[in-house]
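For reference, the chains in residue letters:
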Amino acid sequence: QVHLVESGGGLVQAGGSLRLSCVASGSIFRINAMSWYRQAPGKQRELVADITNSGTTNYGDSVKGRFTISRDNAKNTVYLQMNSLKPEDTSVYYCNMVILVTPLYRWDDYWGQGTQVTVSS
């Protein structure tokens, strides 16, 4: 069994910064892609950023130049540094990982429980 736990959300003023973390634990053999998504009330979940196991990154257009995704493979952790936050960044942020789990050695998709980020104007 695998669990993803996010942390770092909260309330911040526009222009401020937050750093989200997501740690995976459990029967993990290997982790492939790690991603951050967000979902605001009444809207579809959208990709914020992802990072491959070799470090290649990809960002949603609305966060390019402001957010940075990184990972620590030794700690099974993905981070999202969010700078120059805007009120429209207000959302629940979810981490996602594609994980090779033991003992079945099968790739599965896992999600965290979500962490609220609120940006006040």
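All values derive from a computational prediction rather than experimental measurement.

What counts and what doesn't
- Residues numbered from 1 in each chain as written.
- Predicted model: local features only at pLDDT ≥ 70, side-chain atom pairs only at ≥ 80, totals over all residues.
- Heavy atoms only, no water.
- Core = buried A, V, L, I, M, F, W, Y, C linked by side-chain atoms within 4.5 Å.
- Buried < 20%, exposed > 50% of the residue type's maximum accessible area, 1.4 Å probe, protein only.
- Helix = DSSP H or I, 4+ residues; strand = E, 2+ residues; numbered from the N terminus.
- Contact = heavy atoms within 4.5 Å.
- Pairing = 2+ DSSP bridges.
- Axes fitted to C-alpha atoms, helices over the stretch in contact; angles between N-to-C directions.
- Disulfide = S-S within 2.5 Å.
- Salt bridge = Lys/Arg side-chain N within 4 Å of Asp/Glu carboxyl O.
- Lys, Arg positive; Asp, Glu negative; His and termini not counted.

Asks: Just checking my understanding: could you explain the nonpolar core for this structure?
Replies: A general trend in soluble globular proteins is that nonpolar side chains are found buried together. Ranked by internal contacts, the top residues of the largest apolar core, which has 29 residues, are W36 and L80. Looking at this core element by element, the count peaks at five residues for strand β9 (residues 91-101). Setting aside its immediate chain neighbours within four residues, L80 contacts L18, R19, L20, W36, V48, A49, F67, T68, I69 and Y93.

Asks: I'm lost on the sheet that holds strand β8 (residues 77-82) in this one. Help?
Replies: Sheets are built from strands paired through backbone hydrogen bonds, the pairs being either parallel or antiparallel. The strand order β1-β3-β8-β7 describes an open sheet built from four strands, whose pairing is antiparallel. Either end of the sheet is taken by a strand with one partner, and the two such strands are β1 (2-7) and β7 (67-72). Each neighbouring strand pair of the sheet contributes to a mean axis angle of 15°, computed without reference to strand direction. Both β7 and β8 contribute to a ladder of six bridges, which runs antiparallel. Pairing of I69 across the sheet is with L80, part of β8.

Asks: Hey, could you run me through the pairing of strand β10 (residues 106-111) in this one?
Replies: As a general feature of sheets, a regular strand has side chains that alternate between the two faces. For β9 and β10, the ladder comprises six bridges, and the chain directions are antiparallel. Paired with I99 across the two strands is D108, which belongs to β10. In this antiparallel pair of consecutive strands, β9 and β10, the connection spans four residues, and Y105 shows a positive phi of 50°.

Asks: I tried to follow the state of the cysteines on my own but got confused; where do I start?
Replies: Two cysteines whose sulfur atoms are joined by a covalent bond form what is called a disulfide. Tallied over the entire structure, the rule returns one disulfide. The residue that forms a disulfide with C22 is C95, at a sulfur-sulfur distance of 1.9 Å. Placement of the pair is C22 in strand β3 (residues 18-26) and C95 in strand β9, with a sequence separation of 73 residues. Classification of C22 by relative accessible area gives buried; the value is 0%. For C95, a relative accessible area of 0% gives the class buried.

Asks: Any chance you could explain the pattern of salt bridges here in plain terms?
Replies: Two side chains that carry opposite charge are able to pair once their charged atoms sit near each other. One pass over the full model with this rule turns up five salt bridges. E46 is paired through a salt bridge with R38; the nearest N and O atoms lie 2.6 Å apart. With relative accessibility at 34%, the residue E46 sits in the partly exposed group. The salt bridge partner of R106 is D108, with a shortest N-O separation of 2.9 Å. Through salt bridges with shared partners, a single network forms among R38, E46, R66 and D89.

Asks: How do you make sense of the side chain of S35 when you look at a structure like this?
Replies: Checked against the element boundaries, S35 lands in strand β4 (residues 28-39). Filtering out sequence-adjacent residues up to four positions away, S35 remains in contact with L47, A49, D50, I69, Y94, C95 and N96.

Asks: What is the right way to look at the side chain of D50 in this model?
Replies: Relative to the assigned elements, D50 resides in strand β5 (residues 46-51). Despite its burial, D50 pairs with no opposite charge, the nearest such side chain being R71 at 8.9 Å. Aside from chain neighbours lying at most four places away, what touches D50 is M34, S35, T56, T57, N58 and I69.

By themselves, these are just geometric observations and shouldn't be taken as functional.
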